[in-house]
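As a plain string of letters, each chain reads:
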Amino acid sequence: GNQKIDATNLLRSGHYMDGAWCSGSETYPVCNPATGEVIVQVAKGGAAEAQQAVGAAAAAFPAWRALTAKERSNKVRRWGELMLANREALAELLSREQGKPLAEARGEVAYAASFLEWFAEEAKRVYGDVIPSTLPNSRILVLREPVGVVAAITPWNFPLAMITRKAAPALAAGCTMVLKPSEETPLSALALAVLAEQAGIPAGVFNIVSGDAVAIGSVLTGSDVVRKLSFTGSTRTGKLLARQCSDTLKKLSLELGGNAPFIVFDDADIDAAVRGAMASKFRNTGQTCVCVNRFYVQSGIYDAFTQAFAEAVRKLRVGNALTGDFDQGPLINEAALHKVQQHVSDAVSKGAQVLVGGKRHVLGGTFFEPTVLVNASADMLIAQEETFGPVAACFRFDTEAEVIAAANDTPFGLSAYFYTRDMARTWRVASALESGMVGINEGIISTEVAPFGGVKQSGLGREGSKYGIDEYVELKYLMLGGL
Ligand code: ADP
């Protein structure tokens, strides 16, 4: 059966290396962003711990890779089942360290578990190939082999899902992993390790070191033993890590920032567009890399859409996830709050008008009012940088050509959205947008079965789907002669 783990046993504070929990000499506090309360002091790791974890992952690799795909599959699937069996406890811990509403945290547990289920299935389908040979008495074979030890560095906005989206395909393919979770949200990661152990994932296959990001990152990127880095986070840090990986020429998967446009054409279904706008913009309090950053609304429905949108935003309930049923939580930290405030004041100083919100929430801390701005223009910071907060900036446009040029006028290309009921326009715009993912009459696009990833400076590689496992596999070609 599926055991529930005692919630207190899911709360860990050490590193997880080679199947053992170790405390470090130094610690740092992990806080609830809604209250500032210190949840627990966790071990603060550095270069030595990272080195140790890499050693454990390297030692565990041969035996893990030698298991049959079906054996690996069973363990990875079991890990996902244990997540679902412990959904409430994981969701509560996630909300406590990250701040997102409980309903969203429950959704994230299921989303995170879905990658373990999906890649447990894909583990069995890492097929090779036989190529007709150009030489007589010979065969050409292609094998797909695990890349080896993988390092993963993950962000705080999805403390569970960003880990399983990497660990599931890596372990399924036969790789072992060292994870450095975000310092802001290590507790969800450590809870995952408790469940991995319970699922029978052998010692050393999945290791976690948290703490000093720069020191741990240097070891992971500089190591000869680590063959691949999979990173999700800011474009700035992604570029830095890619540079650090160049000396050892690691394979790279980078899931970086976006600047998502959301285009509402005159012929759109306004109610559907408002629903999509709410879901995409305000999910996780605006703190996702696929959150809309720029709303482009055609002149004919500009007023109707922005009024209906503002009306919906006024109804959002803001609060501490652990004390009630809310739609919005706090921002992750002071720096995030500062950026949101800066984007709003810059926009207002350049002519934007506030329809709703616009300032810090009466709850204080890092809570910010869900905000809709109209009259936004291309010279504003909010048009150029990812706000990563609950602020919707609405731009007016007239023609399709004009809005496509504006939408693509950014170094980023992660997600884009548009609403129209015209079939010819649907195909034209979908192909013209420079973006790895496009939501058409749909604001939520994340699912384990589809390839998630960006173009331009939004990153390299894809996660999830049948393509996701390729990131953890190398091709090996065998020329078999003398037959
Ligand atoms: P954000 O600014 O949204 O926190 P980051 O890209 O800085 O985004 O963080 C994403 C992840 O990258 C986190 O786990 C963080 O600790 C890690 N990180 C940040 N800087 C470095 C670095 N120099 N080396 C290794 N990891 C880093």
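Predicted, not measured: the structure shown is a model, and the values here were computed from it.

Reading the values: rules and limits
The residue numbers shown here count from 1 along each chain, following its written sequence. Selection of residues for local features in this predicted model requires a pLDDT of at least 70, selection of side-chain atom pairs for listing and counting requires 80 or more, and totals for whole chains, interfaces and linings are taken over all residues. Strands here mean DSSP runs of E at least two residues long; helices mean DSSP runs of H or I at least four residues long; both are numbered from the N terminus. What the globule rule says is 2.2 Å times the number of residues to the power 0.38, and the radius of gyration is computed from C-alpha atoms. The burial label depends on the number of other C-beta atoms within 10 Å of a residue's C-beta. Counts of 20 or more mean buried, 12 or fewer mean exposed, and intermediate counts mean partly exposed, with C-beta atoms placed from the backbone. Here the rule is simple: two strands pair whenever DSSP picks up at least two bridges between them. To obtain an axis, a line is fitted to C-alpha atoms, over the contacting stretch when the element is a helix, and the angle between two such axes runs from 0 to 180 degrees between their N-to-C directions. C-beta atoms are placed from the backbone for every residue, and two residues are taken to be in contact when these atoms lie within 7 Å. Orientation categories follow fixed angle ranges, with anything under 35 degrees roughly parallel, anything over 145 roughly antiparallel, 65 to 115 roughly perpendicular, and all other angles oblique. Crossing handedness is defined as follows: a turn of the near helix away from the far one that is anticlockwise and smaller than a right angle gives a left-handed crossing, while the clockwise case is right-handed. As a working rule, the residues Ala, Val, Leu, Ile, Met, Phe, Trp, Tyr, Cys and Pro are called nonpolar, Asp, Glu, Lys and Arg charged, and the rest polar, with Gly in that last group. UniProt positions are given in the numbering used here, feature names are shortened, and annotations may be inferred rather than shown by experiment. Any residue qualifies as near a molecule or strand once its backbone-derived C-beta atom lies within 6 Å of it. Confidence of the predictor at the level of single residues is given by pLDDT, which spans 0 to 100. To count as a nonpolar core, a set of buried Ala, Val, Leu, Ile, Met, Phe, Trp, Tyr and Cys residues must be joined through C-beta atoms within 7 Å. Our arc is simply the arc of the directions from the helix axis toward the C-beta atoms. A helix is expected to span 1.5 Å multiplied by its residue count minus one.

Observations regarding the overall build of the protein chain
Now for step 1: Counting its regular elements, the protein chain contains 15 helices and 22 strands.
Now for step 2: Over its C-alpha trace the protein chain gives a radius of gyration of 23 Å, about what one expects of a compact globule, namely 23 Å for 483 residues.
Now for step 3: With respect to the three principal axes, the spread of C-alpha positions in the protein chain is 70 × 60 × 45 Å.
Now for step 4: Looking at the protein chain residue by residue over its 483 residues, the buried ones come to 51%.

Section: the sheet that holds strand β22 (residues 473-480)
Now for step 1: Taking strand neighbours across the sheet as the criterion, the three strands line up as β5-β6-β22 in an open arrangement whose pairing is antiparallel. If you trace the sheet from one side to the other, it starts and ends with β5 (129-131) and β22, each paired once. Within the sheet, the average angular offset between the axes of one strand and its neighbour, ignoring direction, is 25°.
Now for step 2: Here strand β6 (residues 139-146) runs beside β22; their pairing, made up of eight bridges, is antiparallel. Bridge pairing in β22 links E145 to E474.

Some remarks on the sheet that holds strand β19 (residues 437-440)
Now for step 1: Read across the open sheet, the seven strands follow the order β14-β15-β16-β13-β12-β18-β19; overall the sheet is mixed. Two strands in the sheet have a free side with no partner beyond their single neighbour: β14 (353-356) and β19. Each strand axis lies, on average, 25° off the axis of its neighbour in the sheet, ignoring direction.
Now for step 2: In the sheet, strand β12 (residues 260-264) pairs with strand β18 (residues 415-419) via three bridges, with the strands oriented parallel. Considered in β18, the bridge of V264 is made with Y419.
Now for step 3: Helix α12 (residues 334-349) contacts β14, β15 (371-374) and β16 (391-397) of the sheet and is inclined by roughly 30° relative to β16.

A closer look at the packing of helix α10 (residues 270-282) against helix α11 (residues 302-314)
Now for step 1: The interhelical angle for the contact between α10 and α11, taken along N-to-C directions, is 50°, at an axis separation of 10 Å. Accordingly, the angle class assigned to the pair α10 and α11 is oblique. Relative to α11, the crossing made by α10 is right-handed. Residues I270, A273, V274, A277 and M278 of α10 form the contact with α11, whose own contacting residues are A304, F305, A308, F309 and A312.
Now for step 2: Split into classes, the residues belonging to the contact of α10 with α11 amount to 10 nonpolar, no polar and no charged.

With respect to unusual backbone geometry
Note on backbone geometry: most residues besides glycine have negative phi, and most peptide bonds are trans.
Now for step 1: Even without a glycine there, the phi angle at L249 is positive, about 45°.
Now for step 2: Considering the arrangement of structural elements, one finds L249 in the loop between α9 (235-245) and β11 (251-255).
Now for step 3: Positive phi is not limited to glycine here, since F388 has a value of about 55°.
Now for step 4: Along the chain, the position of F388 falls in the loop between α13 (381-384) and β16.

As for the UniProt feature "domain: Aldehyde dehydrogenase" (unreviewed entry) in the protein chain
Now for step 1: Sites flagged by UniProt as "domain: Aldehyde dehydrogenase" (unreviewed entry) map to residues 23-477.
Now for step 2: As annotated, residues 23-477 has a helix share of 40% and a strand share of 21%, and its two end C-alpha atoms lie 44 Å apart.

A look at the site of the ligand
Now for step 1: Near the ligand there are 13 residues, and of these A213, G217, G233, S234 and T237 occur at the shortest range.
Now for step 2: Contributing elements (two or more residues each) for the shell around the ligand: α8 (213-222) and α9.
Now for step 3: Of all the elements, α8 adds the most residues to the shell around the ligand, at three residues.
Now for step 4: Class assignment of the residues belonging to the shell around the ligand gives a composition of five nonpolar, six polar and two charged.

Details of the confidence of the model for the protein chain
Now for step 1: In this model, the protein chain carries an average pLDDT of 97, and 100% of its residues clear a pLDDT of 70 or more.
Now for step 2: Complex prediction metrics read pTM 0.98 and ipTM 0.99.

A look at the nonpolar core
Now for step 1: Residues M177 and A393 are the most contacted members of the largest nonpolar core, which totals 141 residues.
Now for step 2: What A393 contacts, discounting residues up to four positions off in sequence, is R294, F295, A347, A352, L373, A376 and I382.

A look at the UniProt feature "active site" (unreviewed entry) in the protein chain
Now for step 1: Summarizing the sequence annotation, UniProt attributes the feature "active site" (unreviewed entry) to E255 in the numbering used throughout.
Now for step 2: Tracing the chain through its elements places E255 in strand β11.
Now for step 3: The buried category is assigned to E255, around which 27 C-beta atoms lie within 10 Å.
Now for step 4: Not counting residues within four places of it along the chain, the set of residues in contact with E255 comprises F231, T232, G453, G459 and E463.

Quick look at α9
Now for step 1: Residues T235, G238, L241 and C245 constitute the buried set of α9. Seen end-on, α9 carries its buried residues on one side only, within an arc spanning 125°. Looking at α9, the residues exposed on the side facing more than 90 degrees away from the buried face are R236 and R243.
Now for step 2: Looking at the buried positions of α9, the neighbouring elements they touch are β7 (149-153), α8, β10 (226-232), β11 and β21 (459-460).

Focus on α12
Now for step 1: If you check α12, its first and last C-alpha atoms are 22 Å apart, about what 16 residues at 1.5 Å a residue would give, namely 22 Å.
Now for step 2: Within the sequence span of α12, burial applies to A336, V340, H343, V344 and A347. Buried residues of α12 fall within an arc of 95° about the axis and therefore sit on the same side. Residues of α12 that are exposed and angled more than 90 degrees away from the buried face: E334, A335, H338 and S349.

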